[in-house]
Amino acid sequence: MRSHPNKFQRGLLTIFMQRSVTAVITPVLHRVDGFFWKISAGRFFFSSKLVGIPALRITTIGAKSKQPRSLVLYGFSEHEKIALIASNFGQTNNPSWYYNLKANPKCQVEWKGRSAEYIAHEAAGEEYQKYWDMAVSYYKGYDLYKIRAAHRHIPVMILVPAK
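These lines cover the structure that appears in this document, whether it is placed above or below. Owing to the predicted nature of the structure, the values given are computational and were not obtained by experimental measurement.

## Structural notes on the overall build of the chain
Next, step 1: What the chain contains, in helices and strands, is six helices and seven strands.
Next, step 2: Going from N to C terminus, the chain has its helices and strands arranged as α-α-α-β-β-β-β-α-β-β-α-α-β.
Next, step 3: At 15 Å, the chain has a C-alpha radius of gyration in line with the 15 Å of a compact globule built from 163 residues.
Next, step 4: Looking at the chain alone, contacts between residues at least 24 apart form 66% of all its contacts between residues at least 6 apart.
Next, step 5: Element-wise, carbon and sulfur atoms account for 58% of the exposed surface of the chain, whose accessible area totals about 8800 Å².
Next, step 6: Here the chain contributes 23 positively and 10 negatively charged side chains, and the mean placements of these two sets differ by 8 Å.

## What to know about the pattern of salt bridges
Next, step 1: Inspection of every chain in the model, using the stated rule, returns four salt bridges.
Next, step 2: Of the charged contacts in the structure, one is a salt bridge between Arg-57 and Glu-110, with a shortest N-O distance of 3.9 Å. Of this pair, Arg-57 sits in strand 1 (residues 55–61) while Glu-110 sits in strand 5 (residues 106–111), and the two are 53 residues apart along the sequence. Each member of the pair, Arg-57 as well as Glu-110, carries the same accessibility label: buried.
Next, step 3: Lys-102 is the partner of Glu-122 in a salt bridge, and the nearest nitrogen-oxygen pair spans 3.1 Å. Linking Glu-122 in strand 6 (residues 114–122) with Lys-102 in helix 4 (residues 96–103), this pair joins segments that are 20 residues apart in sequence.
Next, step 4: The exposure class assigned to Glu-122 is partly exposed, which follows from its relative accessible area of 27%.

## Notes on the nonpolar core
Next, step 1: If you look at the biggest cluster of nonpolar residues, it comprises 24 residues, and the most contacted ones within it are Phe-76, Ile-85, Trp-132, Tyr-142 and Val-156.
Next, step 2: Every element with two or more residues in this core is listed here: helix 1 (7–16), strand 4 (81–85), helix 5 (125–138), helix 6 (141–148) and strand 7 (156–161).
Next, step 3: The biggest single contributor to this core is helix 5, with seven residues.
Next, step 4: Residues in contact with Ile-85, not counting those within four places in the same chain, are Phe-76, Trp-97, Tyr-131, Trp-132, Ala-135, Tyr-142, Ile-154, Pro-155 and Val-156.
Next, step 5: Among the nonpolar cores identified, the runner-up in size contains 16 residues, and Ile-82, Cys-107, Val-109 and Trp-111 belong to it.

## What to know about the sheet that holds strand 5
Next, step 1: With antiparallel pairing, seven strands are arranged side by side in an open sheet as 2-1-5-6-7-4-3. Only two strands of the sheet have a single neighbouring strand rather than two, namely strand 2 (68–74) and strand 3 (76–78). Along the sheet, successive strands turn relative to each other by an average axial angle of 30°, direction set aside.
Next, step 2: Sheet contacts for helix 5: strand 3, strand 4, strand 6 and strand 7; angle to strand 3, the most-contacted strand, approximately 125°.

## A few points about the packing of aromatic side chains
Next, step 1: Applying the stated criterion to the full structure yields nine aromatic pairs.
Next, step 2: A network of ring pairs unites the aromatic residues Phe-76, Phe-89, Tyr-128, Trp-132, Tyr-138, Tyr-139, Tyr-142 and Tyr-145 as a single cluster.

## Looking at helix 6
Next, step 1: Those residues of helix 6 that fall on the buried side of the exposure criterion are Gly-141, Tyr-142, Tyr-145 and Arg-148. Here the buried residues of helix 6 occupy an arc of 110° about the axis, which is enough to place them on one side.

Rules of the game
Residues numbered from 1 in each chain as written. Predicted model: local features only at pLDDT ≥ 70, side-chain atom pairs only at ≥ 80, totals over all residues. Heavy atoms only, no water. Helix = DSSP H or I, 4+ residues; strand = E, 2+ residues; numbered from the N terminus. Rg over C-alpha atoms; globule rule 2.2 N^0.38 Å. Contact = heavy atoms within 4.5 Å. Areas by Shrake-Rupley, 256 points an atom, 1.4 Å probe, with all protein chains shown as cover. Lys, Arg positive; Asp, Glu negative; His and termini not counted. Charge placed at Lys NZ, Arg CZ, Asp CG, Glu CD. Salt bridge = Lys/Arg side-chain N within 4 Å of Asp/Glu carboxyl O. Buried < 20%, exposed > 50% of the residue type's maximum accessible area, 1.4 Å probe, protein only. Core = buried A, V, L, I, M, F, W, Y, C linked by side-chain atoms within 4.5 Å. Pairing = 2+ DSSP bridges. Axes fitted to C-alpha atoms, helices over the stretch in contact; angles between N-to-C directions. Phe/Tyr/Trp six-rings, centres within 6.5 Å; stacked < 30°, edge-to-face > 60°. Arc of directions from axis to C-beta.

Below you can see the structure in the form of structure tokens.
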């Protein structure tokens, strides 16, 4: 795994974790990331460079629509496993990609210029805590999101390469 966010990036993250800023910046960054992903052949995500958190592009199959759904997410890796935090910025519900992975665990991940098939499962117990702590070491906002979403458990999805 690469280094953690630098001092400047941590400052930006502190600003970005504020509810009003999150509401404005998130839709913009998703579009900007999509643009940079296309022109860099999957090697560059603007938001990842901006805030120092590793990003990837995941394609899931919609839980209801059964159609492919692609988006950029932050991921935290250890060896071949990738952890995704379903915080949804502390909103009321889990993000749609979480429900997609629960219904259809196979997904396509574009990570560091490569594409591979992964299988998802929800972390529990020690595995959950390990990856939650890893994510918080990069971005303290996850703890804030946990407070905002106190009415629900924030899932951690683990992606492992398909064999």
